[in-house]
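Each chain is listed here by its residues.
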Amino acid sequence: MKPDQNTNIRENENPENSREEKGFRLNIHILLLCAIVLIAGFSAYKLYKWNKGIPSDYDPDYQTTDFDVEAMDNIIPLAPDKLEGHEDDGVTTILCLGDDPFSLNQGEGGLAEQIAAKTGATVYNGSFTGTTIAAQYESYNDGYILDAFSFSYVAQSLASGDFDLMKTAATYSYDEAFPQTTAMLESLDMNSVDVLCIMYDGSDYINKRACDDPNAPESIVTYTGALRAGIRAIQDAYPHIRIVVMSHTFCHTINEEGNFENGDRVDLGNGTLSHYLQKELDATSDCSVSFIDHFYGSINEDNYLDYMTDYIHFNDAGRELLADRFVQCIFPDLVSEDAEE
């Protein structure tokens with residue numbers, strides 16, 4: 001055997017070298033084992049956390065008066081060109097047209113009066129109790145005088161200045177306010193009016209007025225047709241007037257047994273209340289006028305008991321809520337001033 005070969009064999013057989021190699025191999029095994037244990041432990045922890053889930057803040061006993069549906073307001077300012085040639089008298093004047101929300105409970109708690117108090121404007125109330133936006137008949141019928149006070153007829157009288165039909169029909173009315181309101185509207189200088197505020201409750205729905213007619217978008221015997229026809233008549237005659245339509249609120253209908261039925265669940269033949277709401281919004285968009293959604297944004301199915309006296313009429317708190325929403329949407333600067341004070 002060659003000497004250098006013996007030397008290599010002895011070096012390889014050195015016990016210290018053998019122990020180092022075994023220790024190195026042992027350390028690698030331990031490290032791998034530790035890594036496996038850590039990975040398994042971490043995975044087990046994550047699985048435990050996943051199975052446990054995240055604590056929920058939901059409390060089944062919690063009650064709130066907040067309404068989750070977003071209001072469908074559509075606020076449109078008056079185009080500046082509409083004011084060309086119009087002389088501003090420096091006084092904000094508002095004319096209110098509609099039915100019971102404006103016409104009933106007039107006085108300090110009345111809707112028109114609260115709008116006046118909250119805005120500082122001069123407010124005229126041109127509403128008629130028990131009327132609707134849509135007319136009952138295509139042509140005026142003496143047997144149904146309320147048509148003369150429906151929205152499209154009132155708007156046409158204001159636009160033309162001809163109040164003969166309204167004055168004649170008012171003489172047959174059992175409501176003393178009809179001739180008085182008609183006289184006020186006839187004497188009102190429409191050139192002084194800055195804002196026209198229109199609000200009818202769910203009377204068109206309850207009276208089963210057709211919602212719309214796609215073949216006659218301005219038919220006065222349909223809810224949206226009469227609205228379009230009336231608005232456009234005012235716009236043509238008095239382009240300087242900013243027009244605001246406030247929607248109906250939630251209400252009930254009364255069935256044949258005399259029981260209340262939810263107006264947003266019962267279709268009386270032309271859609272539910274929310275259907276009328278959507279069509280009303282569409283009509284105001286067609287005419288480029290502002291729309292305030294009281295159905296979702298003010299008095300709804302969840303809170304109506306706080307704001308209504310019966311199936312459709314409002315208490316003082318309800319009228320104040322409607323007035324507040326009008327001011328917030330149309331006169332936001334006034335709201336900001338009150339907040340700063």
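Worth saying up front: this structure is predicted, and the values here are computed from it rather than measured.

(A) Up close: the side chain of H240. Looking at where H240 falls in the secondary structure, it is placed in the loop between α9 (223-237) and β4 (242-246). Within the structure, H240 has its side chain in polar contact with the backbone oxygen of N191 (distance 3.3 Å). There is a polar contact of 3.0 Å between the side chain of H240 and the backbone oxygen of V193. Setting aside residues no more than four positions away along its own chain, H240 makes contact with L78, K82, L83, H86, M190, N191, V193 and D194.

(B) Region of interest: the packing of aromatic side chains. Using the criterion set out here, one finds twelve aromatic pairs in the structure. Centre to centre, the rings of F149 and F178 are 4.8 Å apart; their planes meet at 70°, and the pair counts as edge-to-face. You can see F149 sitting in the loop between β2 (122-125) and α5 (151-160) and its partner F178 sitting in helix α7 (residues 177-187), a full 29 residues away along the chain. F178 carries the same exposure label as F149, and that label is buried. Seen in terms of ring centroids, F295 and Y296 are 4.9 Å apart; in terms of plane orientation they differ by 75°. Their pairing is edge-to-face. Residue classification places F295 among the buried positions, given a relative accessible area of 4%.

(C) Expanded view of the sheet that holds β4. If you walk across this open sheet you meet the five strands as β2-β1-β3-β4-β7, and the pairing is parallel. Looking at the sheet topology across the chains shown, the edges are occupied by β2 and β7 (290-292). Direction aside, neighbouring strands of the sheet carry axes that sit 20° apart on average. Where β4 lies against β7, three bridges are found, and the strand directions are parallel. In the strand pairing of β7, V244 is matched with S290. The strands touched by helix α10 (residues 273-287) within the sheet are β4 and β7, with β7 carrying the most contacts at an inclination of about 160°.

What counts, and where the lines are drawn
- Residues numbered from 1 in each chain as written.
- Predicted model: local features only at pLDDT ≥ 70, side-chain atom pairs only at ≥ 80, totals over all residues.
- Heavy atoms only, no water.
- Helix = DSSP H or I, 4+ residues; strand = E, 2+ residues; numbered from the N terminus.
- Polar contact = N/O pair within 3.5 Å; in protein donor to acceptor, adjacent residues only side chain to side chain.
- Contact = heavy atoms within 4.5 Å.
- Phe/Tyr/Trp six-rings, centres within 6.5 Å; stacked < 30°, edge-to-face > 60°.
- Buried < 20%, exposed > 50% of the residue type's maximum accessible area, 1.4 Å probe, protein only.
- Pairing = 2+ DSSP bridges.
- Axes fitted to C-alpha atoms, helices over the stretch in contact; angles between N-to-C directions.

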